[in-house]
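Structural characterization, general
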Amino acid sequence: MGSLHVALLDGFEDDTVEVLVADQVVARRSGVTTMTQISRADEFDVQLGGATTLVVRLPERGLQATVDLGGVGSATNLGVAVTGDAIQTRISAEPFRFA
Amino acid sequence: MAIKVEPQPETAALTGSEEEAFGIPFWPPFRLAASGLYTWRFPISIIPRQPIPLPKLPPIPDPGPWRGGDVTEAGDGQAVDTATSALFPILSERIRLDVDGRYPQMVVSGDMSTGLFSTVHWIANLTKTGSNTYVGAIWYRDPPVAPFPYDSVKVTTGGGWLFDPRTATVTFSGPGGIQRTRTYTYTSPYFHDVDLEVDFQTGVTPATSFATCSHPNRPATLPCETLTIGKVFQRAGFNVTSSPSGTVPVAGAGANATWSNQEMHDAMQVYWSHYAPKAQWATWIFFAATHDMGHGLGGIMFDDIGPQQRQGTSIFIDSFISDPAPAGDPAPAAFIDRMRFWTGVHETGHAFNLAHAWQKSLTSGGKGPWLPLVDEPESRSFMNYPYFVAGGTTAFFADFEYRFSDQELLFMRHAPSSFVQQGNALWFDHHGFLGANALPEPTYQLVVRANRDRPSFEFMEPVTLELKLTNATAQPQIVDEHILDVDQGLVVIITKKGEPTRQLLPIARLCRQASQKVLQPAESVYAPMLASVGPNGWNISDPGTYGIQVCLHLPTGEDILSNELRVIVEPARTTEDETLAQDYFTEDVGRVIALEGSRVLDTATDTLTEIADKLRHRRVAVHANLVLGVPLATEYKVLSRNRKHDGQQYRIEALPARPEEAKDRLVSALSGDPTRSAESFGHVRYKESVDQLTGFLESAGDAADAYKQQDIMLETLSGREVRGRKVLDSVLKEIKTKRDSLASAAGVKSR
């Protein structure tokens, strides 16, 4: 898997979001806020190289989630949402659509 | 369209309207459905028939029924209307009865215009008890501190046969046997009016209808018909009118020919015939080609701009909603039509303040539901994404009945109009509510109260309340000992006029082993509750009046609703108070108060020390002394950065107790003015804190002072009487036993 499309979904409120691959920050967004009427905050691509895990973290909230990308087949889309005090992730073969 | 037009009814014929509202044909000899809008107006012709659009003022207390026996209306001959107020006339009333027809929610709700330009909104769940009678408990009032003393209703419907006008007689009942009865006249099969205007970008074909059987993937029982967006909202309870459609030139989208939210908002102001910067039951539905976000955005309720939001919504035809059907789909054209139609209704639903199905419990930017809702990630509702459910789009439409969920229908039909009406409440504020499952004869009585004669609190004084849960049945009940802890499932709602509703959240959630106790009939359990602050900040800070209500959800599914307590926060007395308040109402100070102390949040501790010293005669000082003293009483562990080079980044450091300082602070908090402390902490928390101090003194070998603290508490609580209530003898006996057990060690002769 070369690249992954990351969609930040529900639960973000002026957050900083970092995506790490092999302990390196490969994407960083600040001021991330969800538009609740479409459940979308931001979207971007990250390069995975040969990594099979990826970390999403919200450093200001002390939240972190590790995503296992092994065995996800052709899925190239990662949805990330914050529910309560936890980061929820969802791997999808289809791009995330909003309405 | 820029021209002003008269709206046209979506379905002109009355019988057609009734069919949409209730889904079955009505003609004699069948009786017409009872559901619909019923009204009553003050029977004097000089009273304006339409409400005068003046600002909403606080409700003026209605002194209740006129006891003089003036009969204003005899209804169907069975019930007599006795609702005339003695002082302030009730100018008009409406009820929405929802017991039959299309998607009945078994609910009645009402609006009562009391006094001068203020209204009370109430909601009750109903159970059918006869062919035309229903009973149920009132579980919602807006405003929550409204002078509306009723907690249950009985509804009797009348008429409905040929030439026999429909009526609904409602008997309201409250504590002490108080009752009022009102007979209402049937006005409409719909609960609200709304106008939908569909405009479209030049060259774009709007998708406002769908033939339900054009695609074979559908429920076997789904009727074959051509649905329209208007018809869907008629079935949700709205009298839908539609203004003529018109075109919008793509030039409004700017040079890139794709639309931003601001560009659509600008277009709405120009092309929507109903546009006005005010709340009104009307929505602009705009079919366009593409949004700036591109193919991945199928539609958006773009109007979260300015003070009047949710007036406009848009659907993008050149987006994923027009993507070809999957290979092998039996009706590819219908697949696309269906997706476009779903998007049209979905976006229009947002204009009615409906959130996505999986967002029902979500609070964002301080805005959310009034009570935590149940998320519905698998619901077959227009407000869910078909491609988000298990099994994807195919699974969704296999079970989709082209409707909203019950939770959404309850909201649109029965929530206070201001939450739903376009241009009124901001997007996502009060975006839905849960129908509390309150029974007419609840298992328990739940009371929230302040342990003082008037629920008035000094400025900066933490508002500590008491909860009392009483077994209201004739049978023993088993309850968890921690049933009244906020972190164990209590829902506490705090409202203040003009501000978003807040929920009191627990500062921490404890995982406890279940510990149950038997509650005999009429026996009660008690718990203190700090309402001022939680992890989401200060709930109660500024001077003013706050409403507080608690909902206890039982494992059986029953909801126990408390009374609505009105709490007053007094203004600051001096400019020094106001200056200190700037440092006091911070997140860290709130956290220290909620956690009963800290030895790491130094700035907050400094602020509380300054308050304890400078405002020593104020009630906030006793709270400050308590939270300053508690963490000093015992050894305190902190996580600190490790300065040793042993590979560990952090280490746990134990700060030694400072017993003398702790004793000074705690004695000052609890025994300096014990009556003030008992009143400010509430009896339950006061006793818990004195017992904590006693234990600390005992472990320090100071039996004499330990005895003294129990003795002071016994004397204080023995003398307390709040609104005619004394402290329970069992509690006083427990304190006396504890005190006497310390007597010999303290060198005191037992009394």
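Reading the values: the criteria
Residues numbered from 1 in each chain as written. Chains lettered and ligands numbered in written order. Predicted model: local features only at pLDDT ≥ 70, side-chain atom pairs only at ≥ 80, totals over all residues. Axes fitted to C-alpha atoms, helices over the stretch in contact; angles between N-to-C directions. Helix = DSSP H or I, 4+ residues; strand = E, 2+ residues; numbered from the N terminus. Parallel < 35°, antiparallel > 145°, perpendicular 65-115°, else oblique. Left-handed = near helix turned anticlockwise from the far one by under 90°. Contact = placed C-beta atoms within 7 Å. Nonpolar A, V, L, I, M, F, W, Y, C, P; charged D, E, K, R; others polar. Expected span 1.5 Å × (residues − 1). Buried ≥ 20, exposed ≤ 12 C-beta atoms within 10 Å, placed from the backbone. Pairing = 2+ DSSP bridges.

Time to look at the packing of helix 13 (residues 674-681) of chain B against helix 14 (residues 683-699) of chain B. The packing of two helices is summarised by the inter-axis angle and the distance between the axes. Residue and element names in this part refer to chain B. At a minimum axis separation of 6 Å, helix 13 and helix 14 run at an interaxial angle of 120 degrees. One finds that helix 13 runs oblique with respect to helix 14. Crossing handedness for the pair helix 13 and helix 14: right-handed. On helix 14, the residues touching Ser677, Ala678 and Phe681 of helix 13 are His683, Arg685, Tyr686 and Ser689. Considered class by class, the residues forming the contact of helix 13 with helix 14 number 3 nonpolar, 3 polar and 1 charged.

Moving on: the interface of chain A and chain B. Listed as interface residues are 12 residues of chain A and, on the opposing side, 22 residues of chain B. Residues that form the side of chain A that touches chain B fall into these classes: 4 nonpolar, 4 polar and 4 charged.

The terminal C-alpha atoms of helix 15 (residues 703-718) of chain B lie 22 Å apart, and with 16 residues this matches the ideal 22 Å at 1.5 Å per residue to within 8%. All of the buried residues along helix 15 of chain B are B:Ala706, B:Tyr707, B:Gln709, B:Gln710, B:Asp711, B:Met713, B:Leu714, B:Thr716 and B:Leu717.

Residue and element names in this part refer to chain A. Sheet architecture is open: 4 strands sit in the order 4-1-7-8, paired in mixed fashion. Single-partner strands in this sheet number two, and they are strand 4 (42-47) and strand 8 (86-92). Shown here is a sheet whose adjacent strand axes are inclined to one another by a mean of 25 degrees, direction ignored. Pairing between strand 1 (residues 3-8) and strand 7 (residues 77-83): 4 bridges, direction parallel. Looking across to strand 7, one finds that Val6 is bridged to Leu78.

Further remarks concern the sheet that holds strand 18 (residues 444-449) of chain B. Residues and elements named next belong to chain B. With antiparallel pairing, 3 strands are arranged side by side in an open sheet as 18-20-25. Because the sheet does not close on itself, it has two edges, and the strands there are strand 18 and strand 25 (524-530). Mean inter-strand twist for the sheet, computed between neighbouring axes without regard to direction, equals 20 degrees. Taken together, the 7 bridges between strand 20 (residues 464-471) and strand 25 define a ladder with antiparallel strand orientation. Across the sheet, residue Thr464 finds its bridge partner in strand 25, namely Leu530.

Read these as spatial facts, not as claims about activity.
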